[in-house]
Amino acid sequence: MSAPLDRDAAISIRGLVKTYGERNAVDGLDLDIRRGEIFALLGPNGAGKTTTVEILEGYRSRDGGDVQVLGQDPATGGRRWRSGIGIVLQSGAGDSQLTCLELLRAQAAYYPDARDPAEVLELVGLAEKAGARGRALSGGQRRRLDVALGIVGKPALLFLDEPTTGFDPEARRQFWSLIRSLRDLGTTMLLTTHYLDEAEELADRVGVITGGRLVEVAVPGELGGRQTAPAVVSWTEDGARRTTPTPTPTAFVAELAARFGGEVPDLAVTRPTLEDVYLQMIGQPA
Ligand SMILES: Nc1ncnc2c1ncn2[C@@H]1O[C@H](COP(=O)(O)OP(=O)(O)OP(=O)(O)O)[C@@H](O)[C@H]1O
């Protein structure tokens, strides 16, 4: 039998089940997300991420289990509960006739303790676009506007669904720093992403879900036993690439260096990436 719900957690889930027809899209999921934590939910297409997140947001019913989000069951959470939650959806307000500032003001009006819309535009790096309509924004700027809309109500808990899809590398880095500033302001965040580097960069912990079940929850550096996995030393010798897995890479490299009498050509020491262990976990060859 699983432990009772953790009433201090931002999100606490026990035995969550969601059934479509004969099939359990979510199949007995247990998870606690601490207040102030950034948690990344990873999993292949169809794993059950969106279903789980929408149940937590109060937008989908469940067929079994107990769920608590900010101290309440999302199935019965009222307006006050909802005002503590921010949601950044995949498709946002891009086509609106309103300007960025007008959109944010309209959204802020729904919340009892909203942030100043102009400050929010500043925070997401859109201050210069306050008077621009959604249509006039680039893809990356629209996503920032989506985030701005998600946070203007000063949510204690923010859901981010694949937030950086379509971003260029620089925009992603800027977005990551925005997420970190939100964390510094105390916001709890549940992120779904298919980018493993994003999860590694941002998340305090990651959870891997396949077939509606959580396979593992860990800090990114320890998922799948990464921290104790053997290192792989590779170098070039006699015109060919050599690789050797070893639990003691320092000693191995010292031996190599002695053998070469100095620099080892093209030397590299690597450990499994988060992507390597993730792909192994979901049954795909790396
Ligand atoms: N409204 C629905 N009716 C029937 N089946 C559904 C419905 N919504 C989701 N499913 C099924 O439930 C399973 C989980 O879907 P879900 O959208 O939660 O996956 P996901 O992990 O978010 O995938 P993705 O990474 O592609 O967004 C899938 O097999 C999907 O086909």
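About the thresholds
Residues numbered from 1 in each chain as written. Predicted model: local features only at pLDDT ≥ 70, side-chain atom pairs only at ≥ 80, totals over all residues. Heavy atoms only, no water. Helix = DSSP H or I, 4+ residues; strand = E, 2+ residues; numbered from the N terminus. Buried < 20%, exposed > 50% of the residue type's maximum accessible area, 1.4 Å probe, protein only. Contact = heavy atoms within 4.5 Å. Core = buried A, V, L, I, M, F, W, Y, C linked by side-chain atoms within 4.5 Å. Near = heavy atom within 4 Å. Polar contact = N/O pair within 3.5 Å; in protein donor to acceptor, adjacent residues only side chain to side chain. Areas by Shrake-Rupley, 256 points an atom, 1.4 Å probe, with all protein chains shown as cover. Nonpolar A, V, L, I, M, F, W, Y, C, P; charged D, E, K, R; others polar. Pairing = 2+ DSSP bridges. Axes fitted to C-alpha atoms, helices over the stretch in contact; angles between N-to-C directions. 1 Å grid on protein atoms, 1.4 Å probe; cavity = no way out; pocket = protein on both sides within 12 Å on 5 of 7 lines; lining within 4 Å. Points joined across faces, edges and corners; volume = space filled by probe spheres on them. Salt bridge = Lys/Arg side-chain N within 4 Å of Asp/Glu carboxyl O. Parallel < 35°, antiparallel > 145°, perpendicular 65-115°, else oblique. Left-handed = near helix turned anticlockwise from the far one by under 90°.

### Here's the deal with the environment of Ala-47
- Residue placement: Ala-47 occurs in the loop between strand S3 (38-42) and helix H1 (49-56).
- Taking relative accessible area as the criterion, Ala-47 reaches 2% and is therefore assigned buried.
- The sequence separation of Ala-47 and Thr-250 amounts to 203 residues, and the corresponding C-alpha distance is 40 Å.
- Excluding anything up to four places from it in sequence, Ala-47 contacts Ala-25, Ile-209, Thr-210, Gly-211 and Gly-212.

### Section: the nonpolar core
- If you look at the biggest cluster of nonpolar residues, it comprises 45 residues, and the most contacted ones within it are Leu-42, Leu-160, Phe-175 and Ile-179.
- Per element, the largest residue contribution to this core is six residues, and it comes from helix H6 (residues 169-184).
- Excluding anything up to four places from it in sequence, Leu-42 contacts Lys-49, Thr-193, Leu-196, Ala-199, Val-206, Gly-207, Val-208, Ile-209 and Tyr-278.
- The next biggest cluster of nonpolar side chains, apart from the first, holds 22 residues, and it includes Leu-41, Val-53, Val-67 and Ile-85.

### Remarks on the site of the ligand
- Neighbouring the ligand are 13 residues, the closest being Arg-23, Gly-46, Lys-49, Thr-50 and Thr-51.
- At a separation of 2.9 Å, an oxygen atom of the ligand approaches a polar side-chain atom of Asn-45.
- Considering the ligand on its own, with 640 Å² of exposed area, one finds that the protein chains cover 62% of that surface.
- At three residues, H1 tops the list of elements feeding residues into the shell around the ligand.
- Residues that form the shell around the ligand fall into these classes: four nonpolar, six polar and three charged.

### What to know about the sheet that holds strand S9 (residues 213-218)
- Ordered by their spatial adjacency, six strands build an open sheet running S5-S6-S7-S3-S8-S9, and the pairing between neighbours is mixed. The outermost strands of the open sheet, each flanked by one partner alone, are strand S5 (85-88) and S9. Within this sheet the neighbouring strands show an average axis-to-axis angle of 15 degrees, counted without direction.
- Direction of pairing for S3 relative to strand S8 (residues 205-210): parallel, over a ladder of four bridges. Each residue of the ladder has a partner; that of Leu-42, found in S8, is Val-208.

### Overview of the layout of surface pockets
- The space that makes up the second largest pocket amounts to roughly 200 Å³.
- What lines the second largest pocket is Arg-35, Leu-70, Gln-72, Arg-80, Trp-81, Ser-83, Gly-84, Pro-112, Asp-113, Gly-153, Lys-154 and Ala-156.
- The residue makeup of the lining of the second largest pocket, split by class, is four nonpolar, four polar and four charged.

### Considering unusual backbone geometry
- The phi torsion at Lys-154 lies on the positive side, around 55 degrees, for a residue other than glycine.
- Mapped onto the elements, Lys-154 comes out in the loop between helix H5 (139-151) and strand S6 (157-161).
- With phi around 50 degrees, Asp-238 is a residue other than glycine that occupies positive phi space.
- For Asp-238, the position within the fold is in the loop between strand S10 (231-237) and strand S11 (240-246).

### Brief notes about H1
- By the criterion of burial, H1 is predominantly enclosed, with six of the eight residues buried.
- All of the buried residues in H1 are Lys-49, Thr-51, Thr-52, Val-53, Ile-55 and Leu-56.

### Some remarks on the pattern of salt bridges
- Going through the model one piece at a time under the given rule, you end up with 16 salt bridges.
- The salt bridge involving Arg-62 is made with Asp-73; its shortest N-O contact spans 2.9 Å. Of this pair, Arg-62 sits in the loop between H1 and strand S4 (64-69) while Asp-73 is found in the loop between S4 and helix H2 (79-82), placing the two residues 11 residues apart along the sequence.
- On the basis of relative accessible area, Arg-62 is assigned to the partly exposed category, the value being 22%.
- Residue classification places Asp-73 among the partly exposed residues on the basis of a relative accessible area of 25%.
- Glu-198 is the partner of Arg-172 in a salt bridge, and the nearest nitrogen-oxygen pair spans 3.6 Å. One end of the pair, Arg-172, is in helix H6; the other, Glu-198, is in helix H7 (residues 196-202), with 26 residues separating them in the sequence.

### A look at the packing of helix H3 (residues 100-108) against H5
- Between H3 and H5, the shortest axis-to-axis distance is 9 Å and the interhelical angle comes to 25 degrees. It follows that H3 is roughly parallel to H5 by the angle criterion. With respect to the hand of their crossing, H3 and H5 are arranged in right-handed fashion. In contact with Cys-100, Leu-103, Leu-104 and Gln-107 of H3, H5 contributes Leu-145, Ala-148 and Leu-149.

### Some thoughts on the environment of Ala-251
- Structurally, the position occupied by Ala-251 is in helix H8 (residues 249-260).
- With 135 residues separating them along the chain, Ala-251 and Asp-116 place their C-alpha atoms 57 Å apart.

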